[in-house]
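For reference, the chains in residue letters:
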Amino acid sequence: MITCNVCGRLNEPERVTCEYCGSDLSDSPDWDAYDDDDLNFDETDEMGYADSDFYE
């Protein structure tokens with residue numbers, strides 16, 4: 001889980017923006033726990049989160 005630096009809520013690791021306040025989660029210290037290759041950044045620009053079904 002990734003903790004938002006702005007609102008403090010927990011977000012799924014697939015997210016790049018906070019589900020609750022929309023802040024960028026890459027500023028979170030939890031962000032380093034996940035490798036950039038684990039996220040689908042092509043979809044994150046459009047959707048705001050990585051689609052976990054992409055990897056299946």
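Residues numbered from 1 in each chain as written. Predicted model: local features only at pLDDT ≥ 70, side-chain atom pairs only at ≥ 80, totals over all residues. Heavy atoms only, no water.

Participant: If you had to explain the overall build of the chain to someone new, which residues and values would you point to?
Facilitator: The helix and strand inventory of the chain stands at 1 helix and 2 strands. Counting only residues that meet the buried cut, the chain has 29% of its 56 residues in that class. Counting only contacts in the chain whose residues sit at least 6 apart along the sequence, the fraction spanning at least 24 positions is 27%. With the model as given, the accessible surface of the chain reaches about 3,800 Å², and the carbon-plus-sulfur share is 41%. (Helix = DSSP H or I, 4+ residues; strand = E, 2+ residues; numbered from the N terminus. Buried < 20%, exposed > 50% of the residue type's maximum accessible area, 1.4 Å probe, protein only. Contact = heavy atoms within 4.5 Å. Areas by Shrake-Rupley, 256 points an atom, 1.4 Å probe, with all protein chains shown as cover.)

Participant: Give a description of the environment of Ser23 that names residues and reports values.
Facilitator: Within the element layout of this structure, Ser23 appears in the loop between β2 (10-11) and α1 (41-47). Taking the C-alpha atoms as reference points, Ser23 and Cys4, 19 residues apart in sequence, are found 7.3 Å from one another. Among all residues touching Ser23, those that are not within four sequence positions of it are Cys4, Val6, Val16, Thr17 and Cys18.

Participant: How would you sum up the environment of Trp31? Please name residues and give values.
Facilitator: Here Trp31 is to be found in the loop between β2 and α1. Residue Trp31 is classed as buried on the basis of its relative accessible area, which comes to 10%. Taking C-alpha positions, Trp31 is 9.7 Å from Cys4, a pair spaced 27 residues apart along the chain.

Participant: Which residues make up the side chain of Ser28, and what are the values?
Facilitator: Considering the arrangement of structural elements, one finds Ser28 in the loop between β2 and α1. Residue class for Ser28 comes out buried when judged on its relative accessible area of 3%. A distance of 3.1 Å separates a polar side-chain atom of Ser28 from the backbone nitrogen of Asp30. (Polar contact = N/O pair within 3.5 Å; in protein donor to acceptor, adjacent residues only side chain to side chain.)

Participant: Could you give an account of the environment of Gly8, naming the residues involved and the relevant values?
Facilitator: Position of Gly8 among the secondary structure elements: in the loop between β1 (2-3) and β2. Overall, Gly8 belongs to the partly exposed group, its relative accessible area being 45%. Remark: the alpha-carbon pair of Gly8 and Tyr20, spanning 12 residues in sequence, is separated by 9.7 Å.

Participant: Which residues make up the state of the cysteines, and what values do they have?
Facilitator: Going through the model one piece at a time under the given rule, you end up with 0 disulfides. Cys4 takes part in no disulfide bond, and the closest cysteine sulfur to it belongs to Cys21, at a distance of 3.6 Å. Its relative accessible area of 3% is what places Cys4 among the buried residues. (Disulfide = S-S within 2.5 Å.)

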